[in-house]
Amino acid sequence: MNIVCIAWGSLLWKPGPLKLASGWHPGGALLPLEFARDSDDSDELALVLCPGAPPAPTYWAYVDAPDLAAARAMLAAREKIAPGHPEFIGSIPAVGGAPVQHEIAAWLSARRIDAAIWTALPPKFAGSGGRKPSATEVVAFLASLEGETRQAAEFYLRRTPPHIDTPYRRVIARSLGWHPLREAGVTRMR
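Residues numbered from 1 in each chain as written. Predicted model: local features only at pLDDT ≥ 70, side-chain atom pairs only at ≥ 80, totals over all residues. Heavy atoms only, no water.

Student: Can you tell me about the overall build of the protein chain, naming the residues and giving the values?
Tutor: The helix and strand inventory of the protein chain stands at five helices and ten strands. Compactness check: the protein chain gives a C-alpha radius of gyration of 16 Å against a globular reference of 16 Å for 190 residues, within 12% of the reference. A total of 190 residues make up the protein chain; the buried ones form 51% of that total. Here the protein chain has roughly 8900 Å² of accessible surface; of this, 55% comes from carbon and sulfur atoms. Positive and negative side-chain charges of the protein chain, numbering 20 and 18 respectively, have mean locations separated by a distance of 5 Å. (Helix = DSSP H or I, 4+ residues; strand = E, 2+ residues; numbered from the N terminus. Rg over C-alpha atoms; globule rule 2.2 N^0.38 Å. Buried < 20%, exposed > 50% of the residue type's maximum accessible area, 1.4 Å probe, protein only. Areas by Shrake-Rupley, 256 points an atom, 1.4 Å probe, with all protein chains shown as cover. Lys, Arg positive; Asp, Glu negative; His and termini not counted. Charge placed at Lys NZ, Arg CZ, Asp CG, Glu CD.)

And the structure:
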């Protein structure tokens, strides 16, 4: 079974315990993404699947796993997802109640790839799961950060490849001057 991971954020530059069998390739499924998750475990405003957001490009890489369960477990470990939330790891074939991303299903079918995994965390803001913040709230949140926390949040946003150009990213760039890093266009390739 060939399994790929679809990615768009920090997985591209720090896959952690997710073992890859290839480098990251551009041309993944176009998905509705936005910087809309106040992360529980880091100082970033994470780029997540956000229903209603304009489609953005993604990357993909083969995963070094014997089966879908092992691939899902590696991604869950990397994303620090509790065992009680299997829906936060998306996959095709679907497991654990996560909604199927039809864009990914069509993309897999066109490429004759057996299975895919991806991070399926929803938007979250100010402690409210499922809540998508407004662009004004996002800028105010990021502007309020200080010191190392602010640097980490800025790095995450600026390190995200520039062609993942979301409406909030454009507002953040205008308001805070956080433009993509020159090297952000180059993901970690093997």
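Alright, that's what it looks like, and here's the rest.
Student: So what's going on with the pairing of strand β8 (residues 115–119)? Which residues, and what values?
Tutor: Among the five residues in β8, five count as buried, and that is most of the element. Judged by which residues are buried, β8 turns out to be covered on both faces: A115, I117 and T119 on one side and A116 and W118 on the other are all buried. Where strand β1 (residues 3–7) meets β8, three bridges bridge the pair, whose relative direction is parallel. Note on β8: the bridge partner recorded for I3 is A115. In terms of strand pairing, strand β7 (residues 89–92) meets β8 through four bridges, oriented antiparallel. Bridged to I89 within β8 is T119. (Pairing = 2+ DSSP bridges.)

Student: For the nonpolar core, give the residues involved together with the corresponding values.
Tutor: Formed by 63 residues in total, the largest nonpolar core has its most connected members in I6 and L142. Apart from residues lying up to four places away in sequence, L142 is in contact with L45, R150, A153, I172, L176 and W178. (Core = buried A, V, L, I, M, F, W, Y, C linked by side-chain atoms within 4.5 Å. Contact = heavy atoms within 4.5 Å.)

Student: Let's hear about the pattern of salt bridges: which residues, and what values?
Tutor: When the charged atoms of two side chains lie near each other, side chains of opposite charge can form a pair. Under the counting rule described, the total for this entry stands at four salt bridges. Across the pair R78 and E79 runs a salt bridge whose closest N-O atoms are separated by 3.4 Å. E79 shares its class with R78; the two are buried. A salt bridge links R158 to E154; the nearest nitrogen and oxygen atoms lie 3.5 Å apart. Here E154 and R158 lie together in helix α4 (residues 147–159), a separation of four residues that amounts to about one turn. Residue classification places R158 among the partly exposed residues on the basis of a relative accessible area of 23%. By relative accessible area, E154 is classed as partly exposed at 23%. (Salt bridge = Lys/Arg side-chain N within 4 Å of Asp/Glu carboxyl O.)

Student: Help me get a handle on the environment of D165, residues and values and all.
Tutor: Tracing the chain through its elements places D165 in the loop between α4 and α5 (167–176). Overall, the relative accessible area of 41% leaves D165 in the partly exposed class. Distance from D165 to P54, taken between C-alpha atoms, is 9.5 Å for residues 111 residues apart in sequence. Among the polar contacts made by the side chain of D165, one reaches the side chain of R170 at a distance of 3.1 Å. (Polar contact = N/O pair within 3.5 Å; in protein donor to acceptor, adjacent residues only side chain to side chain.)

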